[in-house]
Amino acid sequence: MPLRAKITSKYIPHNPARMRRDLLHLIVIESLVTVAATLAGAFSIVYLINSGFTLFESSLFYLQGFVWASVLCVCLGRFGFDRPKHWMALAVMVQSAFYLSFVFLEGAWLLFLTPIFFSLYIVGFWVPYNILMLRQTTRGNRGEMIGYFFLVFPVIGLASPIVGGYMIEGIGYGLLFGCAFITLLCNAILIMMSRSTDALPMRGKLTTEGMGRGLAAGLFFEGGQEGVWWTMVPLISMLFITGEKNLGYLFALFNLAGGIASIAVARISDRRGFRHWYVRIGAMACIPLVLGIAWAPDYSFYFILAGCIYLVQPMLQILLFAMATDRMERRLTSCSITRELLLNTGRILGGASVAAILFTTGDVRLAYAASAFMFLGMVLTK
């Protein structure tokens, strides 16, 4: 029987056994993506710095990816994903090329071509994946379920950055990026083989209708915070810790810190509602922590403050995602693609702020402190 004949035009909840299988497959797919991201992706900016790129040049790396991702969101908001499974597999393969390019490219080719691979991945994989994931949730468990999917990153991040640090110091970056490449190729095969990724074309227009301006602003500034952190967290960490192995330990602790606490808060918000108040309180709590980290006098202060902020920050991502889905649960494709556009345009703001500060002052601490402004913007969420 043709594949399309097996898929109804509307999503129909599976029987319990099918649902458990789909959840398992989706988590495994996310886990393999996360292994590559935490094993090698966490060290991408460090690699650029160690390869001779300036702070300003390194800050342009992900900024370009955010720009290309925003353009792709606009295009896909018009045309949609005709074959979501193929998009996901192709995007993962493109991301494998992203890691391989660190081995084979250098100079301007690495700085300007590689971010294009990254942009195709974050839109082509994550938008359809998030739609498939959201179909496993209901309004009564959405925050908690999203939290479990988000927990994959800190759980895997407990070990893989440490392994990555040892690989760099013991063998070099080549093996590290090669392992990420192989992991993602295996993931692409799994995506094509798994029935959990079967889906009809996903189409939905870009719109904040139903979402509301307050929530749209919150998502935009969430992206702004990510745009600062993706470049600046490794750089601010390097002020206090030297050596990729030690940096790996630090990344691992940070990645684990907020996972379980975020699920607990998300579960409470599922039952009691008022998710926006948790977002506002959490965002306000992050502002002094960011400023304290930016000008921490030594490692002890930095470690304590960073540990505190990573208890709170993951909660904001989960709750904002759940809020958007609650308000647009009948238009999951529109919700996912609009959220991705808001995040990436916000990331442009964050990345551009970092680049401007590093170009004019070269001050790593000040560039990291720019994320305080982004958390302030998240307080607008309603």
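Just above sits the structure.
Residues numbered from 1 in each chain as written. Predicted model: local features only at pLDDT ≥ 70, side-chain atom pairs only at ≥ 80, totals over all residues. Heavy atoms only, no water.

1. Here's the deal with the environment of V46
So the rule is basically this: Strands here mean DSSP runs of E at least two residues long; helices mean DSSP runs of H or I at least four residues long; both are numbered from the N terminus.
Position of V46 relative to the elements: it lies in helix α2 (residues 44–50). Separated by 185 residues in sequence, V46 and T231 have C-alpha atoms that sit 9.3 Å apart.

2. Digging into the nonpolar core
Quick note on the threshold: Only buried residues count toward a nonpolar core, which is a set of Ala, Val, Leu, Ile, Met, Phe, Trp, Tyr and Cys residues joined through side-chain atoms within 4.5 Å. Three labels apply to residues, based on accessible area from a 1.4 Å probe with only protein chains included: buried if under 20% of the type maximum, exposed if over 50%, partly exposed otherwise in between. Should any heavy atoms of two residues lie within 4.5 Å, those residues are considered in contact.
One finds F125, W229, M232, I309, Y368 and F375 to be the most contacted residues of the largest nonpolar core, which totals 112 residues. When residues in this core are grouped by element, the largest group, 15 residues, is from helix α14 (residues 299–327). When neighbours within four sequence positions are excluded, Y368 is seen to be in contact with V228, W229, M232, V233, I236, V290, I293 and A294.

3. Describing the pattern of salt bridges
Put simply, the rule reads: A side-chain nitrogen of Lys or Arg and a carboxyl oxygen of Asp or Glu constitute a salt bridge if their distance falls within 4 Å.
Evaluated as defined, the whole model comprises 11 salt bridges. When the shortest N-O distance is used, the salt bridge between R142 and E329 registers 3.2 Å. Residue R142 is located in helix α7 (residues 142–157), and its partner E329 is located in the loop between α14 and α15 (332–360); the two are separated by 187 residues in the primary sequence. The class of R142 is buried, set by a relative accessible area of 3%.

4. Some details on helix α6 (residues 126–134)
Among the nine residues in α6, eight count as buried, and that is most of the element. Turning to α6, its buried residues are V127, P128, Y129, N130, I131, L132, M133 and L134.

5. With respect to the packing of helix α12 (residues 259–272) against α14
To keep things clear, this is the line we draw: Comment: axis = line fitted to C-alpha atoms, over the contacting stretch for helices; angle = value between 0 and 180 degrees taken between N-to-C directions. For this classification, under 35 degrees means roughly parallel, over 145 means roughly antiparallel, 65 to 115 means roughly perpendicular, and everything else is oblique. Crossings are classed by handedness, with left-handed meaning an anticlockwise turn of the near helix from the far one by less than a right angle and right-handed meaning a clockwise turn. Residues are grouped as follows: Ala, Val, Leu, Ile, Met, Phe, Trp, Tyr, Cys and Pro are nonpolar; Asp, Glu, Lys and Arg are charged; every other residue, Gly included, is polar.
It is at 8 Å that the axes of α12 and α14 come closest, and there the two elements cross at 40°. The angle between the axes of α12 and α14 places the two elements in the oblique class. In this structure, the crossing between α12 and α14 has a hand that is right-handed. Only L311, P314, M315, I318 and L319 of α14 make contact with α12, whose side of the interface consists of A261, S262, V265, A266 and S269. Here the residues of the contact of α12 with α14 are counted per class, giving eight nonpolar, two polar and no charged.

6. Quick word on the side chain of R275
Within the element layout of this structure, R275 appears in helix α13 (residues 275–294). When neighbours within four sequence positions are excluded, R275 is seen to be in contact with R139, R142, G143, A266, S269, D270, L319, A322, M323 and D326.

7. Observations concerning the packing of aromatic side chains
Basically, it comes down to this: In this analysis, rings of Phe, Tyr and Trp, with Trp reduced to its six-membered ring, are considered paired at centre separations within 6.5 Å, and the interplanar angle assigns stacked below 30 degrees, edge-to-face beyond 60, and tilted for intermediate values. Any Lys NZ or Arg CZ found within 6 Å of a ring centre and within 35 degrees of that ring's normal is scored as a charge over the ring.
The full count for this structure, using the stated rule, is 31 aromatic pairs. Summarising the aromatic geometry, the rings of Y47 and F102 are spaced 5.6 Å apart at their centres and angled 80° between planes, so their arrangement reads as edge-to-face. You can see Y47 sitting in helix α2 and its partner F102 sitting in helix α4 (residues 84–104), a full 55 residues away along the chain. In this pair, the class of Y47 matches that of F102, namely buried. Seen in terms of ring centroids, Y62 and W230 are 6.0 Å apart; in terms of plane orientation they differ by 70°. Their pairing is edge-to-face. Here Y62 is found in helix α3 (residues 55–79), whereas its partner W230 is found in helix α10 (residues 213–238), with 168 residues between them in sequence. Owing to a relative accessible area of 7%, Y62 belongs among the buried residues under this scheme. Classification of W230 by relative accessible area gives partly exposed; the value is 31%. In textbook terms, an aromatic cluster arises when at least three aromatic residues are bridged by ring pairs, as seen for Y47, F61, Y62, F66, F98, Y99, F102, F118, Y173, F177 and W230. Looking at R280, its charged tip hangs above the ring of W277, at a distance of 4.7 Å from the centre. A cation sits over an aromatic face here: R339 above F321, 3.8 Å from the ring centre.

Functional significance is not addressed by these values, which are geometric in nature.
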